[in-house]
Amino acid sequence: MRNASETLELERALTGARWLTAARVIALLALAAVLVVFPQTTKVGYLLSTGVVILNYAVTATGWNFMGGFTGYISLGHAAYFGLGAYGTGILVVKAGISPFLALALAALIVAVIAVPIGIAALRVRGASFVIVTIAFVLILLLMFQSMGSITGGSGGLSLPRPFPDLIRTDHHRTFYYIYLGLLAVMLLAWWAIDRSRFGMGLKAVREDEDKARSLGVPTTGAKLVAFILSAFFTGLGGGLYALWFGDLDPVFQFSIMMGAYMVLMALLGGVRSLFGPLLGALVVGMAIEFFKAQYGDTQFHLVATGLLLAVVVLFMPEGVIPAVKGLFARFGPQASSIREISAADLAAERDAEEASKP
Amino acid sequence: MTVTLEVANLSKSFGGVHAVVDASVSFQPGKVNAIIGPNGSGKTTFFNCVTGMIRADAGTVTLAGHDVTRASPDRIARLGLGRSFQVCRIFPRMTVLENLLVAVKNPSLTGALGSAKNPTAIAAARVWLRRVGIDHLEHAEARNLSYGQQKLLELAGVLMGDPEIIMLDEPAGGVNPALIGRISALIRELNAEGRTFVVVEHNMELVMSLSDHVVVFDRGRPIAEGDPAHVQADPRVLEAYLGV
C-alpha cells in the first residue's frame, strides 16, 4: 500500500512531468516558428544561403542518426550516401535529361539499393571495424568519381542547370530553404515513428547490447540493415537536394571525410538519443562554422574551432546538449522517486506504526 | 509442452584449445536439467554453441525438430529457447519495463511498426515483473538496480519471450542466499508449468536439490549423466572434481 509521503512524491513527480512536457512543447513550437519565419525576415542572399546550408547540415545529421542514433553504429563515411545522392541526381539531370525532382527521387532510391550490399558487408563487423569500413567506402567512391571523368566530370566537377530558372537568386535560396525544411520535417516524423515502434525498440536494444538483443529474439541483422538503408536513403535525398540547390559538384567536397565527421559531431553535440538532437547540433555547429568562415575567411580556423567544440562536448556533455539540459532541469525540478532499499529505520517506523494501530 | 533439445557430436576449438569435444547430450523435456563440471570444462562454450552465440565446428543441435546448428541466436530464441548470461546482461539505459518490451515473441511486420509500448505488451511485461518481484521498479533505469534485482530483471526478460526451454548460465552466481532461494523457487514453479530448464551452475546444493537430470562435463565432453544421486556417486565425477 502506498503511504501518504509516497503519494505526495508521486503527485509532485507528475506535476513536474507535466511542466516539463509543456516546456518542451513551447520550445518546439518556438523553434519551428523561427525556422519557418526566418526566410521572410531577410532579403540578404548570403543569410538565406547560410540558412539552406544549416538545414542541409540538419538533414544530413538527422539522416545519419537513423543509423548512429538508434543502433550506436558510428558511420564516419556517411558522406558516401550524400555524394551518391548528389551525383546520382546530377548525372540523371545532366546526362539522362530527367526532370530535376524526379531525378532526385530516383537517385535516392538508387542510393538505397546500393546501401543493401554495402550494409550487408559493413554490418558484419562492429565498433571500430565498422567505422573503418565506412571510411574506406567513402574513399573508394572519391577515387572512382574522380577517375570516371566522362560520366562524373571528374575533378573538373559537374554543373547542373537550376531547377527553377525563372527565380532570382534570393528566391532560389528561399524556395530551397522550404524544400529542405519539408524534408527535415518528414525525416523527423519518420524518426519519431521508429523511435516509438517495436522495430525501434529492437534497434535501441542493439545499441545497448547487441548479443543480448539477439538472445531475446530481436532479428538484429535485418533490423540494422533496414536502419542502414533508411539512413542512406535520407542522406542521399539530402545530397540530391544539395546538388539541385548548389548546382556544382566536386568529388573532393561531396565524398569528404570531413563532411561525415560533421554529421557525427552535430548528432553527438545535440544528443543521438533525442529526436531533435542532430537538428540542434546542426544549428549550433552549422552557425559556428559559417561564423568562423565569415570571420576568418578561407583559413582552417573553423576546423580548429570545431575540434575544440567536439572536445568540450565529449568532456562535459558526453550525452549531448539535450540530455545535459534535461538533467539540469531535473536537478531543479522535483526529485524522481529513488530506488531505495528499505532501511532498518524504515522497518522500525513501520513496526511502530503497526504497534500503534493495534488496539 | 514437448519441445525437445538434442545435441549430437558437438565440437568447438579455439586455436589449439579444444573447448568442446564430440559432446552429445539429449536434454529431458519438461524437466530441470543441470550441466555441471570443473572450471574450464567447456560448459559455457557448449551453452553458447547451443544458443547460436558461437558457431560450432562440428555436430548438430536440434531444437523442436529444427536443425539450428547454424541458425542465428535470434532465430533460436524465436523457436522457443531463451537464455541468460553468465555475467548478468540487461539493457542498462532502458527502464525495467522497456527491458521486457524488447523481447516479444514472433513480431510480424505490422507488429514491428506498431507501438512498442502497447497495452497488451505492457500488461504481459507487468505479469512477469510481478512474478519475479520487481514490479515496483518498472520505471527505474535498469542500470540503477542492484545486482540481484538485475538478475531478476534478466530472468523476467527471458520469460517475456515465452520460451519453452530456458537455459540459465549460473543463475545463482554472485547473488545472496535469500535471492538464490527465490530464483530456485521460481525455476520450480515455471518448471511445474511445463517449461524445460537447462541450468549451468556451480552451487552444488542448488543443483542437487533442483534438478531432475544432471550432465557432468570434463575437458569438453560429458562424462556422466543421470539423476543427482546417481551422478554424485559416479567415480568418474569424483575424479573430475576432486582428482581422486
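All figures in this text were calculated on a predicted structure; none of them were measured in a lab.

J.: It is not clear to me how the overall build of chain A should be interpreted in this structure. Could you clarify?
T.: Tallying secondary structure elements over chain A gives 16 helices and 2 strands in all. Across the 359 residues of chain A, 45% fall into the buried class. Put simply, 79% of the contacts in chain A that link residues at least 6 apart link residues at least 24 apart. For chain A, the computed accessible surface area is about 17,500 Å², with 69% contributed by carbon and sulfur atoms.

J.: Could you clarify how one ought to interpret the layout of surface pockets in this entry?
T.: It is the rolling of a water-molecule-sized probe over the atoms that shows where space remains empty. Residue and element names in this part refer to chain A. What the second largest pocket holds in volume is close to 930 Å³. In terms of lining residues, the second largest pocket is bounded by 29 residues, among which Tyr-57, Tyr-242, Phe-246, Phe-253 and Lys-293 are the most central. Put simply, the parts of the chain that give the lining of the second largest pocket at least two residues each are helix 2 (45-71), helix 10 (220-246), strand 2 (248-249), helix 11 (251-254), helix 12 (257-270), helix 13 (277-296) and helix 14 (301-316). Ranked by residues supplied to the lining of the second largest pocket, first place goes to helix 2 with 6 residues. Here the lining of the second largest pocket is built from residues that sort into 14 nonpolar, 10 polar and 5 charged.

J.: Is there a simple way to explain empty space enclosed by the protein in this structure?
T.: Residue and element names in this part refer to chain B. According to the stated counting rule, one finds 5 cavities of 30 Å³ or more in the structure shown. In this structure, the second largest cavity occupies an estimated 90 Å³ of space. Together, Ser-84, Lys-151, Glu-154, Leu-155, Leu-168, Pro-171 and Ile-183 line the second largest cavity. Sorting elements by how many residues they give to the lining of the second largest cavity places helix 6 (residues 147-160) first, with 3 residues.

J.: Can you walk me through the interface of chain B and chain A in this structure?
T.: Interface extent is often summarised as the accessible area lost during association of the parts. Each partner contributes to the interface: chain B provides 36 residues, whereas chain A provides 23 residues. When chain B packs against chain A, close to 2,600 Å² is buried across both sides, 62% of that on carbon and sulfur atoms. Contact with chain A buries area across many residues of chain B, yet Arg-89, Phe-91 and Arg-93 of chain B alone supply 22% of it, more than any other trio. The salt bridge partner of Glu-154 of chain B is Lys-212 of chain A, with a shortest N-O separation of 3.7 Å. Taken together, the connections running from chain B to chain A amount to 10 residue pairs in polar contact (both at pLDDT 80 or more). Where the side of chain B that touches chain A is concerned, the elements lending two or more residues are helix 2 (73-78), helix 3 (96-101), helix 4 (109-113) and helix 6 of chain B.

J.: Even after reading the chapter, I still don't get unusual backbone geometry, so can you show me in this structure?
T.: With glycine set apart, most residues show a phi of negative sign, and most peptide bonds adopt trans. Residues and elements named next belong to chain B. A positive phi is found at Ala-64, a non-glycine position, where the angle reads about 50°. Tracing the backbone through its elements, the reader meets Ala-64 in the loop between strand 4 (58-63) and strand 5 (66-67). By relative accessible area, which is 33% here, Ala-64 ends up partly exposed.

J.: Sorry, what's going on with the sheet that holds strand 5 of chain B here?
T.: Across a sheet, paired strands are connected by hydrogen bonds in the backbone, their directions being either parallel or antiparallel. All names here are of chain B. Pairing is antiparallel across the open sheet formed by 4 strands, whose spatial order is 2-1-4-5. Each edge of the sheet is formed by a strand with only one pairing partner; in this case those strands are strand 2 (17-26) and strand 5. Pairing geometry for strand 4 and strand 5, over 2 bridges, is antiparallel. Opposite Leu-63, over in strand 5, you have His-66 as the bridge partner. The sheet contacts of helix 1 (residues 43-50) involve strand 1 (5-14), strand 2 and strand 4, and relative to strand 1 the element is tilted by about 120°.

J.: Could you clarify how one ought to interpret the packing of helix 13 of chain A against helix 14 of chain A in this entry?
T.: A pair of packed helices can be characterised by two numbers: the angle between their axes and the separation between those axes. All names here are of chain A. Running from N to C, helix 13 and helix 14 point in directions that differ by 145°, and their axes come no closer than 8 Å. Considering the relative orientation of helix 13 and helix 14, their crossing is right-handed. Side by side, helix 13 and helix 14 meet where Val-285, Ile-289, Phe-292, Lys-293 and Tyr-296 of the first sit next to Phe-301, His-302, Ala-305, Thr-306 and Leu-309 of the second. Here the residues of the contact of helix 13 with helix 14 are counted per class, giving 7 nonpolar, 2 polar and 1 charged.

J.: What am I meant to see in a nonpolar patch on the surface here?
T.: Residue and element names in this part refer to chain A. Together, Leu-102, Leu-106, Leu-109, Ile-110 and Ile-114 make up a nonpolar patch on the protein surface, roughly 400 Å² of accessible area in all. By the element assignment, Leu-106 lies in helix 4 (residues 100-122). Judged by relative accessible area, which is 34%, Leu-106 ranks as partly exposed.

J.: Explain the packing of aromatic side chains here, please?
T.: How two aromatic rings sit relative to each other is given by the distance of their centres and the angle of their planes. All names here are of chain A. Applying the stated criterion to the full structure yields 26 aromatic pairs over all chains. Relative to Phe-228, the ring of Phe-130 lies with its centre 6.5 Å away and its plane at 75°, an arrangement referred to as edge-to-face. With Phe-130 in helix 5 (residues 127-147) and Phe-228 in helix 10, this pair connects stretches of sequence that are 98 residues apart. On the basis of relative accessibility, which here comes to 1%, the residue Phe-228 falls in the buried class.

J.: Sorry, what's going on with the sheet that holds strand 10 (residues 221-226) of chain B here?
T.: All names here are of chain B. Pairing is mixed in the open sheet, where 6 strands are placed in the order 6-7-8-3-9-10. A strand with exactly one partner marks an edge of an open sheet, and here the two such strands are strand 6 (81-83) and strand 10. Between one strand axis and the next, the sheet turns through 20° on average, direction left out of account. With respect to the sheet, helix 7 (residues 177-192) is in contact with strand 3 (32-36), strand 7 (165-169) and strand 8 (196-200), its orientation differing from that of strand 8 by roughly 150°.

J.: Looking at this structure, I do not really get the pattern of salt bridges. What am I missing?
T.: Opposite charge on two side chains lets them pair, provided their charged atoms get close. All names here are of chain A. Applying the stated criterion to the full structure yields 23 salt bridges over all chains. Between Glu-210 and Arg-126 there is a salt bridge, with its nearest N and O atoms 3.3 Å apart. Placement of Glu-210 in helix 9 (residues 210-215) and of Arg-126 in the loop between helix 4 and helix 5 is noted, with a sequence separation of 84 residues between them. Its relative accessible area of 8% is what places Glu-210 among the buried residues.

J.: Any chance you could explain the pairing of strand 4 of chain B here in plain terms?
T.: Working note: regular strand, side chains alternate between the two faces of the sheet. All names here are of chain B. Where strand 1 lies against strand 4, 5 bridges are found, and the strand directions are antiparallel. Along strand 4, the bridge assignment pairs Glu-6 with Thr-62. What sits between the antiparallel neighbours strand 4 and strand 5 is a turn of 2 residues, in which Ala-64 has the positive phi angle 50°.

J.: What exactly am I supposed to notice about the domain arrangement of chain A here?
T.: All names here are of chain A. When cut into domains, chain A gives domain 1 (1-41 + 320-359) and domain 2 (45-319). Between domain 1 and domain 2, a total of about 1,400 Å² is buried, with carbon and sulfur atoms accounting for 75% of that surface. For the domain 1 face of the interface with domain 2, the top three residues by lost area are Leu-35, Pro-39 and Gly-320, together amounting to 37%. Applying the counting rule to domain 1 against domain 2 returns 8 residue pairs in polar contact (both at pLDDT 80 or more). Put simply, the parts of the chain that give the side of domain 1 that touches domain 2 at least two residues each are helix 1 (4-37) and helix 15 (321-332).

J.: Is there a simple way to think about the environment of Thr-60 of chain B in this case?
T.: All names here are of chain B. Following the sequence through the fold, Thr-60 ends up in strand 4. Separated by 11 residues in the primary sequence, Thr-60 and Cys-49 place their C-alpha atoms 9.9 Å from one another. Residues within four places of Thr-60 in sequence aside, it is in contact with Glu-6, Val-7, Ala-8, Asp-67 and Thr-69.

The rules behind the values
Residues numbered from 1 in each chain as written. Chains lettered and ligands numbered in written order. Predicted model: local features only at pLDDT ≥ 70, side-chain atom pairs only at ≥ 80, totals over all residues. Heavy atoms only, no water. Helix = DSSP H or I, 4+ residues; strand = E, 2+ residues; numbered from the N terminus. Buried < 20%, exposed > 50% of the residue type's maximum accessible area, 1.4 Å probe, protein only. Contact = heavy atoms within 4.5 Å. Areas by Shrake-Rupley, 256 points an atom, 1.4 Å probe, with all protein chains shown as cover. 1 Å grid on protein atoms, 1.4 Å probe; cavity = no way out; pocket = protein on both sides within 12 Å on 5 of 7 lines; lining within 4 Å. Points joined across faces, edges and corners; volume = space filled by probe spheres on them. Nonpolar A, V, L, I, M, F, W, Y, C, P; charged D, E, K, R; others polar. Buried area = accessible area lost by both parts, 1.4 Å probe. Salt bridge = Lys/Arg side-chain N within 4 Å of Asp/Glu carboxyl O. Polar contact = N/O pair within 3.5 Å; in protein donor to acceptor, adjacent residues only side chain to side chain. Pairing = 2+ DSSP bridges. Axes fitted to C-alpha atoms, helices over the stretch in contact; angles between N-to-C directions. Left-handed = near helix turned anticlockwise from the far one by under 90°. Patch = residues over 30% accessible without salt bridge, like charges linked within 9 Å, V, L, I, M, F, W, Y side chains within 5 Å. Phe/Tyr/Trp six-rings, centres within 6.5 Å; stacked < 30°, edge-to-face > 60°. Domains from an automatic or database assignment.

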